[in-house]
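# Descriptive analysis of the structure
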Amino acid sequence: MSQPCFAMAACSSSSRESMMMECEEFDEGGYGGSKEDNSPIAVRSNFNPLAVFSPDAKTDAEGKVTINFKMPDNLTSYRVWTITAKGNLFGRHETSISAQLPLMIRPSAPRFLNFADKAFISVVLQSQTEKELQVKVGFRTNSNLQTQQNHRGFLVNLPPLKRTSLLFPVEAVEVGTARCQWAASSSIGFSDAAEVKFPIWTPCTSEAFATYGEIDDGETKAIIQPVLNPKDKVFAQFGGLEVNLSSTTLSSLTDCFLYLWECSFDMVESAASRALSIVALQDVLKSFNVKKLPSNQRMFEMVQNFLDNLSKWQYPNGGFGYYPGRNSQSRSYVSTFVGFTLSRVIAKAEANGYSVPKDVVSKLLGYFANSYENDLNLDHITTPIIRDQCLIFAAYVQNELGSSAGVEKAARIYRERKNEGLSMESLGWLLQTFHGKDAYKEDSASIVRFLANRVNETAETANFITSFSDAKLASSAQILVLHSDRKTDGILLDALLVTDPKNPLITKIVKGLLAHKKKGKWHNSQENIFILLALDRFFRVLESTPPDFSGKLWLDDLYLGDHSFKGFSTDVAKFFVPMQHVVYSSSSSSDGSSSSSGEGQAPDVRNLVVFKDGNAGRLYYRLGLTYAPRDLKLKAMSNGFVVERTFKSADPKDPDAVQRQPDGSWKIKKNATVSVKLTLSNSSRRYHAALIDKIAGGFEVMNPALSITGPLPKSEE
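Residues numbered from 1 in each chain as written. Predicted model: local features only at pLDDT ≥ 70, side-chain atom pairs only at ≥ 80, totals over all residues. Heavy atoms only, no water.

## As for the overall build of the chain
Each helix and strand counted, the chain has 15 helices and 28 strands in total. Looking at the chain as a whole, 45% of its 717 residues are labelled buried. Sequence separation of 24 or more characterises 73% of the internal contacts of the chain that already satisfy a separation of 6 or more. Carbon and sulfur atoms form 50% of the exposed surface of the chain, whose accessible area is close to 38,700 Å². (Helix = DSSP H or I, 4+ residues; strand = E, 2+ residues; numbered from the N terminus. Buried < 20%, exposed > 50% of the residue type's maximum accessible area, 1.4 Å probe, protein only. Contact = heavy atoms within 4.5 Å. Areas by Shrake-Rupley, 256 points an atom, 1.4 Å probe, with all protein chains shown as cover.)

Here is the structure:
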């Protein structure tokens, strides 16, 4: 996407007479009001542009009013507005008041500096007298700024009614608020002083890298992560090594469950989703002692009522419609989803005491054999890739309900269409349908290879690249099968847990799904239920053992700490090692400094050790390194986005006002009107992405709402 905007290139200049006067350096210590008087000089620090606001002053009998106030420290002209009113009468008057001193010192400080920035702060020294002045000028700062000793004071010969400009070089050495004071004292008693404050920000080029992993209950008890010592390439005052330990990847799922539990839509699909949510999450939420859950009796009754109502909702042909009752035709996807729900309930019926109506199941299997394809036609599902997905989903459901009638048909579709001709969701159902059947081993292996090449993977998360945005797929057909990318990820996650539970992608897919909830849940009932079913299987396959272990950390031989995990919990233990302890050994000074000889410098490679003390449960870890490089000219990063900013002259009469130099920098003419174009390219699915582009130095945004701006140039976009 591209978005043009306009800005005015601004350059500070003055039309008034200005010159540099002859001056010499001096030690500023001990300067005072005059040569004879060493009294302190009053420092001007209140630069409020509003001197006074008095909305309720009343006049006396003579129509006069007196308002007492203290003028701010600005040396400028103030506009004075007076408005009077009595009954239906009113009046207004305007005048001005000028505030000045015989000797004035006016600093022009930056709005902010970044750490390690070097700058010159300009100070104008002005005489309002008709006498030549010999002026001592002193300068001091707090510890956030550093300046050269020979630039802390000047002795200036200032002609009558003239001004001069002085430059004070500074360097930002600490993050925080910088305070600067200037004082000027003349030989005949005139003096002035000013103070300004501005922030010093942390380095804007901070970067972060992280790696993720887990230690299960196998033979591996520890991992060693080498950490390259950045040494003098970074500022030791910022960043450090971050380590997070946890015993589960399942963060709070309560909101997802309650969303489905409280769903008020009177639809067969909604009722099936509510029943499935109980079947999927009841055991998980109980294990984590989640509060505010409905009682066990209420949850049991909800599922059983759904099962009892199915015989009332089922059509004579064995299918189901969108709404309870038999007032319209049966629908292919709803019928398949009810069958899918029945298959999951049957799997847990014995353990939970559910009574499943067998006649409903047998009629539904008859529907798949005799009426299903006819309903596909009635639903106008004619797009080949969507129709194939429905047939394969139905074959999976029949297989789960104990009938293999559709398996061979699904295999024929796969061998005819191949991987590229089917949706990712279809491949997920095929994996589970073919699982455990020797006749389809080669087909399963081909699907797994294809899926591995269709994964968008980061250090922490992963998601599958779907093709439902392609022009060949009709949006109406997508709606009929209730498609979404996250639903597809949930189905494929469930398939991997069935067919390859040790696949390293599984944990990343889980983290990717959990990271993209909004307000604790996903977008709709279909997304929530298919993801929750996959997370239920993830819990049963990989996290069903109650944790009972301790996670311990070392950096080389430095013990960092430990945390015990006992029982199911979503707690995350966080550890932080400041960068100075990564760069320097314990023998270094506490402020992270070292001598030129490198004494106290840590080894080139530090070893971070994560140790799991105990067998029960899984230990998940995140290792991250944040740092601020000393070199502020960094190479472009590659994190999946391509962001480009270009400048172009918006004045057709002066197209050469903006020029790009061979080294990539820009040369822009003073007072030129510039069009700024941002281009953002993305090669994969992204969530919660925000692009913040700060205005470049020297520019001023043109606001069309202001009359002085005038009409903006028309964009070519």
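Still more ground to cover, so stick around.
## Quick word on the pairing of strand 4 (residues 89–98)
In the case of a regular strand, side chains alternate between the two sheet surfaces. Buried residues are scarce in strand 4, accounting for 0 of its 10 residues. Direction of pairing for strand 3 (residues 77–86) relative to strand 4: antiparallel, over a ladder of 10 bridges. Across the sheet, the residue bridging to Ala85 is Phe90, located in strand 4. Once strand 3 ends, the chain turns through 2 residues before running back antiparallel as strand 4, passing Gly87 with a positive phi of about 60 degrees. (Pairing = 2+ DSSP bridges.)

## A short note on the sheet that holds strand 11 (residues 163–172)
Read across the open sheet, the 4 strands follow the order 5-7-11-9; overall the sheet is antiparallel. Looking at strand neighbours, the two that pair on one side only are strand 5 (103–108) and strand 9 (145–147), the edges of this open sheet. For this sheet, the mean angle separating the axes of adjacent strands, direction not counted, is 35 degrees. Pairing of strand 9 with strand 11, which is carried by 3 bridges, proceeds in the antiparallel orientation. Directly across from Leu145, in strand 11, lies its bridge partner Ala172. (Axes fitted to C-alpha atoms, helices over the stretch in contact; angles between N-to-C directions.)

## Considering the packing of aromatic side chains
Between two aromatic rings, the relevant description is the distance of the centres plus the angle of the planes. Enumeration over the complete set of coordinates arrives at 30 aromatic pairs. Ring geometry for Phe139 versus Phe168: centroids 5.0 Å apart, planes at 50 degrees, classification tilted. Of this pair, Phe139 sits in strand 8 (residues 133–141) while Phe168 sits in strand 11, and the two are 29 residues apart along the sequence. Overall, the relative accessible area of 0% leaves Phe139 in the buried class. (Phe/Tyr/Trp six-rings, centres within 6.5 Å; stacked < 30°, edge-to-face > 60°.)

## Side note on the nonpolar core
Counting 100 residues, the largest nonpolar core has Phe340 and Leu342 as its most contacted members. Ranked by residues supplied to this core, first place goes to helix 2 (residues 268–287) with 11 residues. In contact with Phe340, not counting residues within four places along its chain, are Leu276, Phe393, Tyr396, Val397, Trp429, Phe530 and Leu533. One finds Leu103, Ile121, Val135 and Val156 within the second-largest nonpolar core, a separate group that totals 27 residues. (Core = buried A, V, L, I, M, F, W, Y, C linked by side-chain atoms within 4.5 Å.)

## Points about a nonpolar patch on the surface
Nonpolar side chains collect at one region of the surface, where Val52, Val65, Ile67 and Phe69 lie side by side and expose about 300 Å² of accessible area between them. Structurally, Ile67 can be placed in the loop between strand 2 (23–25) and strand 3. The class of Ile67 is partly exposed, set by a relative accessible area of 39%. (Patch = residues over 30% accessible without salt bridge, like charges linked within 9 Å, V, L, I, M, F, W, Y side chains within 5 Å. Salt bridge = Lys/Arg side-chain N within 4 Å of Asp/Glu carboxyl O.)

## Here we look at the packing of helix 1 (residues 254–261) against helix 14 (residues 525–542)
It is at 10 Å that the axes of helix 1 and helix 14 come closest, and there the two elements cross at 130 degrees. The angle between helix 1 and helix 14 places the two elements in the oblique class. When you trace helix 1 past helix 14, the crossing you get is left-handed. Of the residues in helix 14, those in contact with Cys256, Tyr259 and Leu260 of helix 1 are Ser525, Asn528, Ile529 and Leu532. The residue inventory of the contact of helix 1 with helix 14, partitioned by class, reads 5 nonpolar, 2 polar and no charged. (Parallel < 35°, antiparallel > 145°, perpendicular 65-115°, else oblique. Left-handed = near helix turned anticlockwise from the far one by under 90°. Nonpolar A, V, L, I, M, F, W, Y, C, P; charged D, E, K, R; others polar.)

## Details of the pattern of salt bridges
For the coordinates displayed, the defined rule picks out 23 salt bridges. Linking Arg387 and Glu373 is a salt bridge whose minimum nitrogen-to-oxygen distance equals 3.9 Å. A residue pair is termed long-range when its members are at least 10 positions apart, and Arg387 in helix 7 (residues 384–400) and Glu373 in helix 6 (residues 372–378) qualify at 14 residues. With a relative accessible area of 18%, Arg387 lands in the buried category. A salt bridge links Lys552 to Asp613; the shortest N-O distance between them is 3.2 Å. Within this pair, whereas Lys552 is found in strand 19 (residues 548–555), its partner Asp613 is found in strand 22 (residues 605–616), the two being separated by 61 residues in sequence. Since its relative accessible area comes to 23%, Lys552 is described here as partly exposed. Residue classification places Asp613 among the partly exposed positions, given a relative accessible area of 37%.

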